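A closer look at the structure
Take a look at the letters that make up each chain.
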Amino acid sequence: MYDFIISGAGPSGSYAAYILSRSGFRVLQLEEHSSVGKPVECTGLVSKRVIEMTGTGSIVNKVHGAHIYFPDDSSIHIGKEEETYVLERDRFDQDVSAMATGAGTFLKLNSKVNDIKVSGEKVTVTYRENGNMREDLAYAIIGADGANSLTRKILFPGQRIERMVSAYQIDGATNMQDQDSVNVYLGSKYSRGFFGWAAPAGDLSRIGTAGFGMSRENFKNIYGKFSNPSKITITGGPIPISSLHKTSGNRSILVGDAGGIVKPLSGGGIYTGMVSGEKAAETLIKAYENEDFSEKFLETYHRSWRSSIGKELSRDLIVQKFFARIGDESLTAMGRKLQKENIRRIINELGDIDYPSKVVMQVLIRSPSIMRHVIFPKRDRIGK
Ligand SMILES: Cc1cc2nc3c(=O)[nH]c(=O)nc-3n(C[C@H](O)[C@H](O)[C@H](O)COP(=O)(O)OP(=O)(O)OC[C@H]3O[C@@H](n4cnc5c(N)ncnc54)[C@H](O)[C@@H]3O)c2cc1C
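Residues numbered from 1 in each chain as written. Predicted model: local features only at pLDDT ≥ 70, side-chain atom pairs only at ≥ 80, totals over all residues. Heavy atoms only, no water.

Here we look at the domain arrangement of the protein
Note the cut-off: For the purposes of this description, domain bounds are those given by an automatic or database domain assignment. Here, residues are in contact when the closest pair of their heavy atoms is within 4.5 Å. The buried area of a pairing is the accessible area, by a 1.4 Å probe, that goes missing from both parts when the two are put together, added over both. Salt bridges are counted wherever a side-chain nitrogen of Lys or Arg sits within 4 Å of a carboxyl oxygen of Asp or Glu. For the purposes of these results, a polar contact is taken to be a pair of N or O atoms within 3.5 Å, where, inside protein, one atom must be able to donate a hydrogen and its partner to accept one; residues adjacent in sequence count only when each atom of the pair is a side-chain atom. Under the scheme used here, helices are H or I runs from DSSP no shorter than 4 residues and strands are E runs no shorter than 2 residues, and both carry numbers assigned from the N terminus.
One can read the domain layout of the protein as domain 1 (4-40 + 90-162 + 243-319), domain 2 (45-88 + 163-240) and domain 3 (324-375). Each of domain 2 and domain 3 has a C-alpha centre, and the two are 20 Å apart. In this assembly, 19 residues from domain 2 lie in contact with 16 residues from domain 3. Across the domain 2 to domain 3 interface the summed buried area is about 1,400 Å²; carbon plus sulfur atoms make up 58%. Measuring nitrogen to oxygen at the nearest pair gives 2.6 Å for the salt bridge that ties Asp 354 to Arg 49. On inspection of domain 2 and its partner domain 3, the count reaches 5 residue pairs in polar contact (both at pLDDT 80 or more). Here the side of domain 2 that touches domain 3 takes 7 residues from strand 5 (residues 75-87), the largest share from any one element.

Overview of the site of the ligand
Counted only if it meets this: For each residue, the test is whether any non-hydrogen atom lies within 4 Å of the molecule or strand; if one does, the residue is near. What sets the accessible areas is the Shrake-Rupley method with a 1.4 Å probe; for residues, cover comes only from the shown protein chains. Three categories are distinguished: nonpolar for Ala, Val, Leu, Ile, Met, Phe, Trp, Tyr, Cys and Pro, charged for Asp, Glu, Lys and Arg, and polar for the others, with Gly belonging to the last.
Within the structure, the ligand sits among 30 residues, and Ser 12, Glu 31, Leu 45, Arg 89 and Asp 257 are positioned closest to it. Interatomic distance of 3.3 Å between a backbone N/O atom of Pro 11 and an oxygen atom of the ligand. His 33 is positioned such that a nitrogen or oxygen atom in its side chain is 2.9 Å from an oxygen atom of the ligand. Coverage of the ligand by the protein chains reaches 89% of its 1,000 Å² of free accessible surface. If you list the elements that add at least two residues to the shell around the ligand, you get helix 1 (11-22) and strand 7 (111-119). Ranked by the residues each element gives to the shell around the ligand, the list is headed by strand 7, at 3 residues. Here the residues of the shell around the ligand are counted per class, giving 10 nonpolar, 13 polar and 7 charged. Inspection of the shell around the ligand shows a minimum of three residues originating in each of domain 1 (4-40 + 90-162 + 243-319) and domain 2 (45-88 + 163-240).

Overview of the pattern of salt bridges
Tallied over the entire structure, the rule returns 18 salt bridges. Between Asp 171 and Arg 206 there is a salt bridge; the shortest N-O distance is 3.8 Å. Remark: Arg 206 occurs in strand 14 (residues 204-211) and Asp 171 occurs in strand 11 (residues 164-172); sequence separation between them is 35 residues. Three or more residues joined by partner-sharing salt bridges are found here, namely Arg 49, Lys 263, Asp 352 and Asp 354.

What about the environment of Leu 338?
Take Leu 338: it is sitting in helix 8 (residues 328-338). Along the sequence, Leu 338 and Ser 367 sit 29 residues apart, while their C-alpha atoms lie 8.5 Å from each other. The residues contacting Leu 338, other than those within four sequence positions of it, are Phe 70, Ile 76, Ile 343, Arg 344, Ile 347, Val 363 and Ile 370.

Quick word on the side chain of Ser 58
Quick reminder of the rule: Only protein chains enter the calculation, and the probe is 1.4 Å; a residue is then buried if its accessible area is under 20% of its type maximum, exposed if over 50%, and partly exposed in between.
If you trace the backbone, Ser 58 turns up in the loop between helix 2 (48-54) and strand 4 (59-69). Since its relative accessible area comes to 0%, Ser 58 is described here as buried. Residues within four places of Ser 58 in sequence aside, it is in contact with Val 86, Leu 87, Glu 88, Arg 91, Phe 92 and Asp 95.

Encoded structure:
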């Protein structure tokens, strides 16, 4: 019998495992793949907060700005004093996992969770380890099993991620000219309701797009800008951009992508997933002390991550919903307005990839005419 079982060894689950194990709890973590961090499905852009939480050595580049391209191919550059980090994602996941196992977490690879039953005083987890069926027990389970979470499907049957984008990315053998900025591509040529990107990662560039429905044309229009680099890896997958109304239940908690705890404007989920992992661990420690793993007690978890990052995610989701409806013409017009010196200064000063709503609000206050495009968008592209 373990104290806690965690399904999934991504950053959200491993960070929760680390906090629980360092507090002396017996933690079993189950990962379906044969190694942590593979296959990679990520661009690896994170803020300094993630570096401070983990001390990871997986940094491959640091950037200080972004070139934003609009549908008419005009662009603006925004810069920031504070750096954004580009990580080697598999190494990052392995670093966070090493924090957990170093603190005492018992990690089983090649172990795919098949079934979870909550009854009486325990949770029974059935999994296939190297082809053999096994069963282990714990007081509670953390579902850290990503966007298609089985834990969510089994234990939270009424809960559905309402808003998801599909992402597709290639690591291309090409050096971006400006190694200090990422490129962001807006408009129907590049994405359906979200955006495309290119991020400099040393000798490679990570080039991708995400949207409500995936079009090969969208990707080609971005990839075509890079003189056909050879493809090193192809990745992609769903990114949930709206969180569940309920992320805790009887003896069970969902963290990270499994609970849709991801930034709606960028699809970035490493920071928010780790914050939720931390709150999950703190709640379970209290539950253990109180000998109470009931649905009511574990609601503290839902409230706790909501009061830390939930308001930001809700505001960003509203902005994303408006953004997805804006047509190319309006986007281009907005781009021209963002060129203004005072607006760019605000973006430079207040831009924060984890908490973008502040800068959005300030830009709208200083340039209210942008609001017209947001509220009465010209719908000349497919959005949602
Ligand atoms: C193309 C792309 C680019 C992205 N770029 C960024 C970015 O630049 N910055 C950023 O912050 N975020 C980015 N994201 C989002 C980010 O990758 C996720 O938000 C993040 O990985 C969530 O971490 P997690 O631990 O919650 O889930 P995951 O990292 O998905 O980990 C879940 C783990 O659970 C395992 N698992 C699943 N089911 C089972 C099972 N039944 N039994 C056992 N194990 C199981 C999986 O193998 C996996 O290891 C990107 C996503 C995509 C698709």
